[in-house]
Every structure is written in C-alpha cells, then in structure tokens.
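# Remarks on the overall topology
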Amino acid sequence: MSVIAANLQAVLNDIAAAAQQAGRDPSGVTLLAVSKTVAPAIVRAAFQAGQAAFGENYVQEGLDKIAALADLRDRITWHFIGPLQSNKTRPVAEHFDWVHAIDRLKIAERLSAQRPAGMAPLQVCIQVNISDEASKSGVAPAEVLPLAQAIAALPNLRLRGLMAIPAPADDPDAQRRPFAALRGLLDQLRQSGLHVDTLSMGMSADMGAAIAEGATLVRIGTAIFGARA
Ligand SMILES: *Cc1c(COP(=O)(O)O)cnc(C)c1O
C-alpha cells in the first residue's frame, strides 16, 4: 500500500473511532482531503486510493490542479476552502463544487451571478469567526443569521451550513468549546427554517473534538499528505 493510501486509511479509522465514541454513525462525517501545495500526481494517487473530495486554498493552484485532473472531473468534488477576494470569484464559480469560507454577502452575490447556467448550484458555507481571535476571517456569530437568510435567497447557490477555524488549543475541552458554539449556531439557522446540514470543522490537530461536537465534514491535510513545506 502506498504511503498516501495508508495515511488515508488511518484517518478514516480515526474518524470512525471518534464518531463511535460520540455515538454517531461514521458515515455522517465526510473526509475532505486538503490538497493545497500537493502535486496533482499525489492527488491522483489519493483518488485511486478511494478519496473523492479535495479542498484547495488558493485560486490559481486549485484551477491548475482541476485542469491537470480533468479526466477525473466527474468523479471528484472540488472544495474551495481559502479566503476569497471579490476579483477572484468568477473562476471559482465556474470550476469548483463547494465554497466554504463565505464571509460577506457581496462574495455570495458574485458567485451566484457568475455560476454558469447548466451547472448544479454552488454549495456554500458561511465562515464564522467563532473564537473571536486576531485572525479576522469569518463573520461574527451575531451576523450569521441575517447573512444566511440573504444567501439562501440567491438562485445559483445552495447554503449548506457553517465553517470555522478556531484558535489552536491543546486540551480537548478547550478544543470542543468553539465547535459546540458553531453547532449551536447551525441549530439556530435550522430553527429559523433554513435547510442546512453541514458543519465544516476540524483539521488534523482537532478532528476528534470536532466530530464529538457534530462535525459533518472534517478538512484534513497534514495527516494525509504529510507536513507542508
Ligand atoms: C490547510 C487547511 C486545512 C488542513 O489543515 P491540516 O492541519 O493540514 O489538516 C483545513 N482547513 C483549512 C481552511 C486549511 O486552510
């Protein structure tokens, strides 16, 4: 078995163990392989090992990789998980399946307007600044509901849920707190009548805590592909 295939299997085993410990069905947690800085040939190896969802952070790198793997386009789901500037929305709307880090209505409006007719709606999540830290990305918790309602009304997007990158914390209880808060916000959206189903939370270092708090999609890079340069 290749190193990538072995790493993937180990991560899937960890996901299953964390889900079982939380009394959850492991099939309720999707593994997103974060392939930023990873060469297309390695992504292809991961695909051949059974992985079908990949996340990219940088627009040009992501576009290049989607093009290099064009023969697999129908069988890979490409997620854009990085911050998105308004002048770069068009290629993302034209080539990706998901966008995770929407933090203002203007970006969502542009993505909806630029999504080509005939493509499935772009699946999107709102990024929430859940631990109110210096890294300013994401909307404040109080702004989530109005932004979600506005995005849900856009024709070519489908609002799936919320995403967060909490401040790093070492102990499991501290890791769980912001994930629990994100889950509470998703519940609030549901109670307001929005049909949202996705909690995009948890990376290599805090995946177990995220799954314990209800993550439906974990974004894992290092544990699959090794440390980035
Ligand atoms: C890089 C990145 C990840 C993956 O992080 P790892 O620690 O390598 O697992 C997940 N989410 C986002 C938004 C990232 O930028």
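Scroll up a little and you will see the structure.
Conventions and cut-offs
- Residues numbered from 1 in each chain as written.
- Predicted model: local features only at pLDDT ≥ 70, side-chain atom pairs only at ≥ 80, totals over all residues.
- Heavy atoms only, no water.
- Buried < 20%, exposed > 50% of the residue type's maximum accessible area, 1.4 Å probe, protein only.
- Helix = DSSP H or I, 4+ residues; strand = E, 2+ residues; numbered from the N terminus.
- Pairing = 2+ DSSP bridges.
- Right-handed = clockwise from strand over helix to strand, strands pointing away.
- Near = heavy atom within 4 Å.
- Polar contact = N/O pair within 3.5 Å; in protein donor to acceptor, adjacent residues only side chain to side chain.
- Areas by Shrake-Rupley, 256 points an atom, 1.4 Å probe, with all protein chains shown as cover.
- Phe/Tyr/Trp six-rings, centres within 6.5 Å; stacked < 30°, edge-to-face > 60°.

## Some words on the pairing of strand β1 (residues 30–34)
Looking down a regular strand, the side chains alternate between one sheet face and the other. Along β1, four of the five residues are buried, which leaves the element largely enclosed by surrounding structure. Looking at chain direction, β1 and strand β8 (residues 217–220) are connected through four bridges and run parallel. Each bridged residue has a counterpart across the sheet, and for threonine 30 the counterpart in β8 is leucine 217. Pairing between β1 and strand β2 (residues 53–56): two bridges, direction parallel. The residue of β2 that forms the bridge with alanine 33 is phenylalanine 54. Read from β1 through helix α2 (residues 40–48) to β2, the crossover connection turns out right-handed.

## Some remarks on the site of the ligand
Lining the immediate environment of the ligand, one finds 13 residues, of which Lys36, Asn57, Ser204, Thr222 and Arg228 sit closest. Within the side chain of serine 204, a nitrogen or oxygen atom sits 2.5 Å from an oxygen atom of the ligand. A distance of 2.6 Å separates an oxygen atom of the ligand from a polar side-chain atom of threonine 222. Contact with the protein chains hides 89% of the accessible area of the ligand, taken as 390 Å² for the molecule alone.

## Side note on the packing of aromatic side chains
Counted under the stated rule, the structure contains two aromatic pairs. Where phenylalanine 80 meets phenylalanine 96, the ring centres are 5.4 Å apart and the plane angle is 75°; that geometry is what we call edge-to-face. Of this pair, phenylalanine 80 sits in strand β3 (residues 77–80) while phenylalanine 96 sits in the loop between α4 (89–95) and β4 (98–102); the two residues are 16 residues apart in sequence, bridging distant segments of the chain. As far as the burial class goes, phenylalanine 80 and phenylalanine 96 line up, both buried.

## Details of unusual backbone geometry
A positive phi angle is found at threonine 37, which is not glycine, with a value near 70°. Among the secondary structure elements, threonine 37 is positioned in the loop between β1 and α2.

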